[in-house]
Amino acid sequence: MNIFFLSLVPALALILYSFLVLVTWRHGLEDKVNQRFILYLLSMMIWSLGALMMYLDRSRAPAWNRLMMIGVVVMPLAFYSFVHAFRREARFDIILKIGILACGVFLIMAVKGYMAGDINITEQGLIEFALGRAIPYFGIYFAFLLGYSTLILVRGIRETKDYVQRNRYRYVLTGLIVILAGGLTNSYGHLGAYPLDIMANTWNAILLAYTIFRYQLLDISLVVRKGLMYTVPTVIVGVGYLLLIYLTVNIFDTVTGYQTLLVSVMLAVIVALIMQPAQERMQQWIDRMFFREKYNANLMLQRVSRTAATILNLERLTEMMLNELASTVHIARVALFLRDQDSGVYEMVAEHGLPEHDDMFLRPDHPVVEHLSHVKDVQTLVDVELTPRFKALWARERRDLDTIGAVLFVPLLAQGELMGLLIVGPKLSGITYTTDEQLMLSTLANQTAIAVQNAWLYQQALEEKQRAEIILEQAFTGIVLVDADLHIVDMNLAAAKIVGYDRQELLGQSIVRIFSELVHADDSALRQAFETGQAMQPQEAVLNGRKGRRDVLLGMTPVQDHFLLNFMDITQIKELARLQANIVANVSHELRTPLSSIKGYADLLLNGADRLTDEMRQQCLTIIDSEADRMTRVVNTLLDLSKLESGRAELTLEEIDLQALLEEVVAAMELQAHKAGIRMLCEVDPTLPPVTANRDMMLSILKNLLSNAVKYSLHGGRVWVRIHREAEQLLIEVRDEGLGIPEEDLPHLFTKFYRSRRAHDAGVRGTGLGLALVKDAVEAHKGTVEVQSKLGEGTTFTVRLPWQVLAPQTQNEQDQYAYQRDV
Amino acid sequence: MNTEIIQLLKQGRKQDIWKQYCGFLDLTLSEFMSIQERLLLEQLNEVGASELGKKLMNGKTPATLDEFRNSVPLTEYMDYEPFMRDGQEHTLPRKPYIWAHTSGRSGGYKMVPYSREVYDKAGERIMSAFILSMARHRGEVRLEESDVLLYNVPAAPYASGVALLSVAQRFPFHFVPSLGETENLSFQERLELSFQKAMVTGIDVLGSITSVLVKIGERFAQGAGGAKMSRYVVHPKAMVRLSRAYVRSRLAGRGMLPKDIWNVKGITCGGTDTSIYKEKIAEYWGVTPLELYASTETGVVAAVQAWDRVGMYFFPDVVFIEFIPEKDWVKNRQDPSYQPRTVLLDEVEPGQRYELVITSLHGGPFLRYRMRDLIRFVDLKNDELGVQMPSMVCAGRSDGLIDLAGFTGLIDESMIWRAIHDTGINYEEWTARKEMTSEGATLHVYLEPREPLKLDEVRTKIHENLKRDNPFYSDLETMLGIDPLRLTFLHRGTFAAFYLERQAAGADLAHLKPPHMNPSDQIVSDLKRISKSLS
C-alpha cells in the first residue's frame, strides 16, 4: 500500500481532533465534562501527530514514536476521567488519583523509550516495531482504565431510566469498544502494520462529539441493527447484478470493449427496474421480522388513518384511536382530552386503563395546555415541569396527572391550534418511550386531530343544515330552487302550500307549470332574469296554483348553477286592499248621501225659511232627522262590527221571545216592503220556548237578513221567515224570490264591505256590512250561517244556533258561558 | 412529581436545572402575575372550605382577585392563634405535614403549619438560593453531587431547619454538621463544631447568619485564628488545607483569611445586615453572599437575589404577595382603625418603601397577613440582567421604625446601620431608639466601639450619613436647625456581657441580643449598667 495513502489516516485524525478541540473550546470549558473531553482530544491529537510524523519523517521514526506513545499513555487516563465526569461520579476517586500517578510513571517510560523498541516504516508504509519492556505493565494500566470506564458506562445504562441519557452512554460505550478493537489490532503482527488503531480512535472521537453536542440522539442499536439488516437485500441485489454481468459477458464472448460498458449499463437499468420492488419487499419483510414494534406501529398508523377518515362520530373515533394505541404500544394508561368549543375547557373524552377517577378536565390556563399551545410538539413530563409556568399547577391538577401517570404530552393540532391533547402514561413494560415512539404518537395525534376536526365540522354542518331546514320549512314565504333547465330541484313547505300541490308532485317538474305566463312572456322580468342570470327584485306576479291563480310577490336570485325563487302569497293582501278601496267608496257613499240631504234641507231652512210653510219646515226637519238617524245607524253598525271583531262586545244574555222579536222586526220593515210590493210571510214554531241570547244580536240577525231579502226581492215578490227547532238546533231561515247571487260572490258574502257587482249594478243601496254583522252575531252564539242561492230564483239564508246555548240557563251557567266565550 | 435534580445533574442537564430552579427569573411580570393569580384562586377555594377561612372571610369565598382584595381584611397572627394549636388541625385548609415556629424576634413564638407542598417548596426554594449563590452569570450551575453544605442557621423546628430537612430529601448535600447531630448543642458549640469539621470536608456552599460570617472573618483578620485544636484540625486533610492556606496568605502578603482555607462556591445569607456587610464577607470569604428574604410565615425563602447580588426577586409560587404603600402604613400607624390599601407587584414604584402582605399558597393558613417587614423597591426591571421583574431590598421592620418628628420620615434599621457602617469605624454592636429630652425628640444611638474613638467625630459622621440617606432627616437641621442625634459609647465587651447575662437567664436565641431598633427601657438600662461596670 502506498505510504502516502497510509499517512492520510493519521492526518485525517489530526484534522478531526483539531476541529473537535476548537468546537469544544467554543462550547465552553466551564463544565468538567468539557474540560476532560478536551484533555482526551489533546492526547489523541498527540497520538495522531506522532503517527503522522512517523510516516512523513521516517528517518526519525523512533523519536516520533515516543511522541505518539505520550498520547497513547495519556489517552486512557483522559478517557477515564472524561467518563467519570460524564457519569457525574462522586468527587473523591482513588482510581483517578492512582491513574494520574501511573500515567506519570508511564510518561517517563515513554520518553525514555521503554514503551517501544525498534521501529521502522517500510517503503510500503508498513510499521515494523518491537514492543518495549514496559508494555505488559502499560497493557494492564490501559486495559484497567478502559475496562473500568466500560463498567461505569454499563452501570449508567442499567441505572438510568432516561432514554436519551441511556443513548448517550451507549454512544460512549460503542466508541470505547471501537477503541479497544482498534488497539487489539496492534497485537496481531500483520494488522499492527496498518494504522487501524488510529482509524478506530478517529471514529470514536466522532461518536463522542456527536454524543456531547447533540442532545437528542437516534437509537444507536436500532441504527446498527437496521443498517446491518438492510445490507442483506442490498447485497442480494448487488450480487444478482454482478452475476448477471458475469453470465452475459461469458455467454456472449463477443461483447468486448465499450460494448461491455453498454451492456453493463443496460443490465443495471434492468436490474434496478426489476429488483427495486423486490428490494422494497425484502426490506418490509425485514421490518416485520426484526423490527416488529415499528412495523406494527406503522400498520396501526395506516389503519387509524384509513378508519379515521370514515368515522364521523367523535366518541367512536376517539375510542378506536385509544384502543389501537394502547394495543400497539402497550400503554398502561392514556387519556384523550378535547377542547370544548364554547368554554375552551379540555374535557376528557376517552381513556384507557385509568383507575376509578372523578371527571377530568384541563382549564384553558392549565400550565400543560399553555405550554403545548406554545411549543406545539410532543413533550415529556420533564420538559413540561421544568418550565416556570408549571409552578402554577394546582394540587388537583397534579393528582389528575398522577392518576394518568403522565409521561408524555402529545398535542392534537389542527391548523396550528391546540384542539386537544393526549396524555400518555407509562408503558406496561415500564420502559421509556423511544424517539420513534414519540414520533409515532405525534403522527397519530395529528391524524386524530384532523379526523376529530372533520367530525366536528360534520357535526357543525349537520346542525347548520338542520337549522337552515327549520328556517326554510318554517318560513311563510315560498322558496323554490330550480336548475338551469328550470326544473324544480327543491322547495319548502310554504311554497307547496301556496301553490297547493304536494311537494313530491312538483319536484323535477318545470317551473313553467307554476309561472307559465311569466316564463313565456317576452317582456317578463323573470324570463329576462333567467336569461341574463341576474337577480330579480321582488315584484308582483301571478302563479297558477292548484286552486287557481294566486297573487304573489316574486323575487329571484341566481345561486351557482341554480335559481332561487322566493315568493310570498299576497292574494289576501290584495283582496284586503280591494276591500279597503270598497270600504272607502261604500262608507263615503253611505255617509255622503244622508249628509247631502241634511245639508240641502238645512240650507233650505236657513236661506228660505220665510218662503216655507210650517208644514214644509216640519217636513224638512223630519228628513234631516231621518237622514241623521241613517248616518247614526251606519256608524253604529260599523262600531258594532268593530266591537264584535275585536271581542270587546259585551254578550249580555237575556230571555227572548223570538215570536215577539220577529214581529218587531217585521213591523219595522213593513213600510219598506209595502213600498216594494213585497209580502212577508212569517212562521214561528208555537211550541218554541223563549231562548236565552243577546237581544241586540238576535235583532241584528233578523233585521239584516230580512232587510236584505226585501232589498234584493223583485217587485211583488215574497219573503219567508221561518223559525223552528230541529234536533238540538234553532233554525232561522229567510228566503226570498229575488235576483239571486252569482256563485263567485257566495264565498265573499260575509266579508265586510263586500258587495256583489250584481247588487251594485241593480242599484241596491247598502254598506256591505249587514251580512258581516250577521256572521259575527251568529258566531258569538256559537252558531253558523249559510247561504244557498240560484240566479233569478232567489236566495235562502239559514242560521243554525245550538240549542244548548239558547236553552234557558241559570245565572251561573250564563256566567260560565260568557267566561268561556271570552277565553 | 418534580424531576430529581440529582438525575438531571448526572445527565449533565445543568441548563434544565437552571430552568427548574432559577427559571422564574426569566418570567415576564405578566407571567409572574398570572402564576400568582392562578395559585391564589386554588388557595381561595381550599381556604374558603376550611373553618379558618370561613372565619377570616366571613363565610364568603371571593371568586376573583379584585373581590379578594376588596373583601378580605388584612390579618395578623392573633387572628390565627386559636387555630394554631394541637387538636385544631381540622380547622386548617390542609392537614399540616410539619409545624415550624418563628424565632420570636417580633414578640412571642408563632407556630406555623406547613402542608406537604409548602414543605417541598421550602426545600426547592433553598435549592434555588444555593444554585444562585454559586452562579456568576445567567445559567451557570456549579452544583455538584456531594457538595459540602455548611450551615449555621437554627435547626428544626425553626423554619430554617425545616427547610434544610426538605433540602436533604431533594439533594444529597454533605451536610456539615449532619442534620440531627447538633440538636443538643448550643448555637456556639454547633458553630465551632461545624467549622472544625469543615477543616476536613471543605465548604462548597455556606448557609449562614450574616453576622457569624463577619465575626469569623474578623477573627481571622485580627489574627485570632480559626478553629480550636480538635481531632479535626490534626486530620491530614485539615493539615493540607491549612498549609495551602498559609502559602496563599503568604503569597498575598497578609494574614490568613477563611477564603485561604476554603474554596467556597456560594454563600447565602438573610437579614437587613447582609447588604451592609456583603463587601466584608466577600473580602473574608472570597464570595459575595447572596441575600435572601425568608420568614417562617412565607414558607421560608420568598425572595432571592440574582447572580448580580443586588436586588431581590420574589418567587411566583411561594406566597401571594401584596404591598402596603408607605403612605398607607403611616396612616394606619396613626389610626389603627384605618384599613390600608395594598398594591400588587405590577403596581409598585421604584424607590418606595412598602410593608409586605402575604397570602399562603399550597394550603397554607395565612390570608392577607401583614408581615410587618419593610422592603424598598430598587428597580422595576433589570435590562442588564434580562430580568423583567421588580427587585427589592429589605428596609427593616415596620414596628422597628423611629419617628423623630412628623415630617422627618420614618427612620428604619437599614438607614442607621448604613450610617454607622459607612463611618468606617470598627465597632462591635449598636442599638438605637427615640428618646424625649428637654430639647425635644432625639435619636439616641448606643454604640460599642472596638477601639478608642472620638465620640464627637463619630457622631458627626453618623449624622452626616443619615442626612445623606434620609432627606427628611436632613430637613430637620436645615429647616429647624435641630441636630437630633445623640451618641453614647458603651464600654468594650458590653454587648458580649449582655449576651452572656441573657443566656444565663435562659433566654432563647432570638432574645440574646438587644434589638437594633427601639430597645426597651430595661435593655438600655442593662446596657448602661454593664458598660459602667466594665469601665
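Preceding this paragraph is the structure being described.
All of the points below concern the structure found in this document. Model, not experiment: these values are computed from the prediction. (Residues numbered from 1 in each chain as written. Chains lettered and ligands numbered in written order. Predicted model: local features only at pLDDT ≥ 70, side-chain atom pairs only at ≥ 80, totals over all residues. Heavy atoms only, no water.)

## Points about a negative patch on the surface
There is a patch of like negative charges on the surface, built from E347(A), E356(A), D358(A) and D359(A). On the basis of relative accessibility, which here comes to 37%, the residue E347(A) falls in the partly exposed class. (Patch = residues over 30% accessible without salt bridge, like charges linked within 9 Å, V, L, I, M, F, W, Y side chains within 5 Å. Areas by Shrake-Rupley, 256 points an atom, 1.4 Å probe, with all protein chains shown as cover. Salt bridge = Lys/Arg side-chain N within 4 Å of Asp/Glu carboxyl O. Lys, Arg positive; Asp, Glu negative; His and termini not counted. Charge placed at Lys NZ, Arg CZ, Asp CG, Glu CD. Buried < 20%, exposed > 50% of the residue type's maximum accessible area, 1.4 Å probe, protein only.)

## Examining the pairing of strand β5 (residues 205-209) of chain B
All names here are of chain B. In terms of residue burial, β5 counts as a mostly covered element, since four of its five residues are buried. Alignment of strand β3 (residues 148-151) against β5, held across three bridges, turns out to be parallel. Counterpart to Y151 in the pairing with β5 is G207. Looking at chain direction, β5 and strand β6 (residues 266-270) are connected through five bridges and run parallel. What sits directly across from L206, in β6, is I267. (Helix = DSSP H or I, 4+ residues; strand = E, 2+ residues; numbered from the N terminus. Pairing = 2+ DSSP bridges.)

## Description of the sheet that holds strand β13 (residues 562-569) of chain A
Residues and elements named next belong to chain A. Strand order in this open sheet of five strands is β10-β9-β13-β12-β11, and the pairing throughout is antiparallel. Strand pairing shows two members of the sheet lacking a second neighbour, β10 (488-491) and β11 (536-545), which therefore form its edges. Direction aside, neighbouring strands of the sheet carry axes that sit 30° apart on average. Where strand β9 (residues 478-482) and β10 come together, three bridges link them in antiparallel fashion. Paired with V480 across the bridge in β10 is M491. (Axes fitted to C-alpha atoms, helices over the stretch in contact; angles between N-to-C directions.)

## A look at the packing of aromatic side chains
Residues and elements named next belong to chain B. Under the definition given, this model contains 33 aromatic pairs over all chains. Ring geometry for Y151 and F175: centres 6.3 Å apart, planes at 75°, overall edge-to-face. Here Y151, found in strand β3, pairs with F175, found in strand β4 (residues 174-176); they are 24 residues apart in sequence, far enough to count as distant. Comparing Y151 with F175 shows no difference in burial state: the two are buried. Ring centres of F323 and F377 lie 5.1 Å apart, and the angle between their planes is 85°; on these two criteria the pair is classed as edge-to-face. Here the residue F323 occupies a position in strand β10 (residues 319-325), and F377 occupies one in strand β12 (residues 369-379), the gap between them amounting to 54 residues. Grouping residues by exposure puts F323 and F377 together as buried. (Phe/Tyr/Trp six-rings, centres within 6.5 Å; stacked < 30°, edge-to-face > 60°.)

## Notes on the environment of V83(A)
Residue and element names in this part refer to chain A. Locating V83 in the fold gives a position in helix α3 (residues 61-86). In the structure, V83 is positioned 63 residues away from L146 in sequence and 9.6 Å away in space, judged by C-alpha atoms. Setting aside anything within four residues of it in sequence, one finds V83 in contact with S149, I152, L153 and V172. (Contact = heavy atoms within 4.5 Å.)

## Here we look at the environment of V176(B)
Residues and elements named next belong to chain B. Structurally, the position occupied by V176 is in strand β4. Sequence-wise, V176 and Y151 are 25 residues apart; in three dimensions their C-alpha atoms are separated by 6.6 Å. Setting aside residues no more than four positions away along its own chain, V176 makes contact with V148, L149, L150, Y151, S194, K197, A198 and T201.

## Points about the environment of Q222(B)
Relative to the helices and strands, Q222(B) resides in the loop between α10 (210-221) and α11 (236-252). Residues contacting Q222(B), with those up to four places away along its chain left out, are N426(B) and R450(B).

## A look at the interface of chain B and chain A
At the interface, 36 residues of chain B touch 34 residues of chain A. Both faces considered, chain B and chain A share a buried interface measuring about 3000 Å² in area, 47% of it formed by carbon and sulfur atoms. Across the pair R38(B) and E397(A) runs a salt bridge, and its minimum N-O distance is 2.6 Å. Across the chain B-chain A interface, the total number found is eight residue pairs in polar contact (both at pLDDT 80 or more). At the level of elements, α1 (5-10), α2 (14-22), α3 (29-48) and α7 (116-134) of chain B are the ones that each hand at least two residues to the side of chain B that touches chain A. Sort the elements by how many residues they give to the side of chain B that touches chain A and α3(B) lands first, with seven residues. (Buried area = accessible area lost by both parts, 1.4 Å probe. Polar contact = N/O pair within 3.5 Å; in protein donor to acceptor, adjacent residues only side chain to side chain.)

## A closer look at the side chain of S149(A)
All names here are of chain A. One can find S149 in helix α5 (residues 135-159). Judged by its relative accessible area of 0%, S149 falls in the buried class. Those residues in contact with S149, other than ones at most four positions away along the chain, are F79, Y80, V83 and L176.

## Focus: the nonpolar core
Residue and element names in this part refer to chain B. By size, the foremost hydrophobic cluster in this structure holds 101 residues, and its most contacted members are F173, F314 and F323. With ten residues, α7 is the largest single contributor of residues to this core. Apart from residues lying up to four places away in sequence, F173 is in contact with M127, F130, L143, D147, L149, V167 and V205. (Core = buried A, V, L, I, M, F, W, Y, C linked by side-chain atoms within 4.5 Å.)

## Section: the pattern of salt bridges
Residues and elements named next belong to chain A. In total, this model carries 63 salt bridges over all chains according to the counting rule given. For R546, the salt bridge is made with E505, and the minimal N-O distance between the two is 3.0 Å. Residue R546 is located in the loop between β11 and β12 (548-559), and its partner E505 is located in helix α18 (residues 503-506); the two are separated by 41 residues in the primary sequence. Judged by relative accessible area, which is 32%, E505 ranks as partly exposed. Note that D603 and K599 form a salt bridge whose closest N and O atoms lie 3.7 Å from each other.

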